[in-house]
Amino acid sequence: MLPIVEPGGPLSAEQLERGARNIALPGIGIDGQRRLRAARVLVIGAGGLGSPVLHYLAGAGVGTIGIVDFDVVDLSNLQRQVIHSTGAIGEHKTTSAARAIVALDPSIRVLEHDEMLTSANALELFGDYDLIVDGSDNFATRYLANDAAAILRLPYVWGSVLRFDGQVTVFWEGGPDGRSVDYRDLHPVPPEPGDVLSCNEAGVLGSVCATIGSMMATEAIKLITGVGEPLLGRVQILDALVAEWHEVTLRRSPTRIPVTELIDYDDFCGVPQIDTSLEVEEIPAGWRVLDVREPYEHEAGHLAGDSLLPLGLLLHDPGRVTGPVVVYCATGVRSNRAALALRAAGIEAASLRGGMRRA
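The rules behind these values
- Residues numbered from 1 in each chain as written.
- Predicted model: local features only at pLDDT ≥ 70, side-chain atom pairs only at ≥ 80, totals over all residues.
- Heavy atoms only, no water.
- Core = buried A, V, L, I, M, F, W, Y, C linked by side-chain atoms within 4.5 Å.
- Buried < 20%, exposed > 50% of the residue type's maximum accessible area, 1.4 Å probe, protein only.
- Contact = heavy atoms within 4.5 Å.
- Helix = DSSP H or I, 4+ residues; strand = E, 2+ residues; numbered from the N terminus.
- Polar contact = N/O pair within 3.5 Å; in protein donor to acceptor, adjacent residues only side chain to side chain.
- Pairing = 2+ DSSP bridges.
- Axes fitted to C-alpha atoms, helices over the stretch in contact; angles between N-to-C directions.
- Phe/Tyr/Trp six-rings, centres within 6.5 Å; stacked < 30°, edge-to-face > 60°.
- Lys NZ or Arg CZ within 6 Å of the ring centre and 35° of its normal.
- 1 Å grid on protein atoms, 1.4 Å probe; cavity = no way out; pocket = protein on both sides within 12 Å on 5 of 7 lines; lining within 4 Å.
- Points joined across faces, edges and corners; volume = space filled by probe spheres on them.
- Nonpolar A, V, L, I, M, F, W, Y, C, P; charged D, E, K, R; others polar.
- Patch = residues over 30% accessible without salt bridge, like charges linked within 9 Å, V, L, I, M, F, W, Y side chains within 5 Å.
- Areas by Shrake-Rupley, 256 points an atom, 1.4 Å probe, with all protein chains shown as cover.
- Salt bridge = Lys/Arg side-chain N within 4 Å of Asp/Glu carboxyl O.

1. A few points about the nonpolar core
General note: in soluble globular proteins, nonpolar side chains tend to be found buried as a group. Membership of the largest hydrophobic core comes to 69 residues, with the highest contact counts inside it found for Leu 57, Ile 65 and Phe 126. Excluding residues that lie within four positions of it along the chain, Phe 126 makes contacts with Leu 42, Ile 44, Leu 117, Ile 132, Ala 145, Ala 148, Ala 149, Leu 152 and Leu 154. Within the second largest apolar cluster, 16 residues are counted, among which are Leu 290, Leu 314, Ala 339 and Ala 349.

2. Here we look at the side chain of Ser 96
In this structure, Ser 96 sits in helix 5 (residues 93-104). For Ser 96, a relative accessible area of 3% gives the class buried. A distance of 2.7 Å separates polar atoms of two side chains, one belonging to Ser 96 and the other to His 84. Beyond its immediate chain neighbours, meaning those up to four positions away, Ser 96 contacts Val 73, Ile 83, His 84, Ala 88 and Glu 91.

3. Things to note about the sheet that holds strand 12 (residues 325-328)
The five strands are arranged 9-13-12-10-11 in an open sheet whose pairing can be described as parallel. Edge positions in the open sheet fall to strand 9 (279-280) and strand 11 (307-308), since each of these has one partner strand only. Relative to strand 11, strand 10 (residues 288-291) is paired through two bridges, and the arrangement is parallel. Following the sheet pairing, Asp 291 is matched in strand 11 by Leu 308. Packing against the sheet, helix 14 (residues 333-344) makes contact with strand 9, strand 12 and strand 13 (349-352), and its axis sits at approximately 175 degrees to strand 13.

4. A short note on the packing of aromatic side chains
For the structure on display, the rule yields six aromatic pairs. Ring centres 4.9 Å apart and planes at 75 degrees place the aromatic pair Tyr 143 and Tyr 183 in the edge-to-face group. You can see Tyr 143 sitting in helix 7 (residues 139-152) and its partner Tyr 183 sitting in helix 8 (residues 183-186), a full 40 residues away along the chain. Tyr 183 matches Tyr 143 in its accessibility class, with the two residues each being buried. Ring centres of Phe 171 and Tyr 183 lie 5.9 Å apart, and the angle between their planes is 85 degrees; this geometry places the pair in the edge-to-face category. With a gap of twelve residues between them, Phe 171 in strand 6 (residues 165-171) and Tyr 183 in helix 8 connect regions that are remote in the sequence. The same class applies to Phe 171 and to Tyr 183, which are both buried. Here the basic side chain of Arg 142 rests over the ring of Phe 139, its NZ or CZ set 5.1 Å away from the ring centre.

5. Some points on empty space enclosed by the protein
Summed over all chains, the structure comprises one cavity of 30 Å³ or more. Roughly 30 Å³ of volume is contained in the largest cavity. Surrounding the largest cavity, Asn 146, Ala 149, Ala 150, Leu 154, Tyr 156, Phe 171, Trp 172, Glu 173, Val 181 and Asp 182 form its lining. Of the residues forming the lining of the largest cavity, the biggest block, three residues, is contributed by helix 7. Among the residues making up the lining of the largest cavity, the classes are represented as seven nonpolar, one polar and two charged.

6. With respect to a nonpolar patch on the surface
Residues Phe 164, Leu 205, Leu 241 and Val 242 make up a contiguous nonpolar surface patch of about 360 Å² in total accessible area. Structurally, the position occupied by Phe 164 is in the loop between strand 5 (156-162) and strand 6.

Fair warning: the whole summary comes from geometry, so function is off the table for now.
Shown next, in the form of structure tokens:
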């Protein structure tokens, strides 16, 4: 496997000492460490997967690290997003992560992209980097990142986690030796909205994020230095409950059409849009209050006098709810969907804007 980055200039005495354990490795050496120092890697997401990726890329000596994330640090993040700290709660994740990287190695150039990745900015953003590492947690961003990387012919390291399971692989449109695969070979079409629970709804073991994220960082380092064989055309799948890894071979689908342009990925993935006409700022007098989150979320904190009915059960049988009712969730997304379903069933309902985060 040829390295994707040319060696940079001579390493300083400090950089040689920092990278001593890398330099001692067969296949990396001084040239490999110079490649790492010259590399420009963009990491999508400074969350559960992004945390170990960013830590280990910084520790390895990657010279330029970009971070794309528009979220802020929340207390519930810290169980798995270990690049952040309690003192960073409420701070932009890019700022918190950049501070941790610079604390580890002040010579690293960190570029904060505190913005949502969109079809309008992805190609320009990606064009400044050698490699994309995707730790995002939603299908719309994954398809967008894949397509932008494919158009630019950039290698794209991808991972995902849910509950006790994880996956990791490398996509590369125009990859070496004809091994040209991308995310659409693994997932030709997105799942139906609601078919796959989010980590907020289903939960995720933080240490599984560490395992998959560390693998993602390893794949990035291999691509940069040319050492070893990347997971190109191979998907590694972890079942942490039984401590087993499985490998699935991935080949280019003969019916896949090469990506030539970016599209509206929210529309493509059927991402539900917030209907503001369903929202209320406060709970009207005499209205029932219904929490549509999961039981573990309700136990962690809820509004006084409410009842619990998880969204999946409500959607299965909205007629079991009596109105008028204000429904709420963590951020207002699930409750908006619930209010829409209830109104369609003829029940007077509204969604509490911003959910528990605002309450």
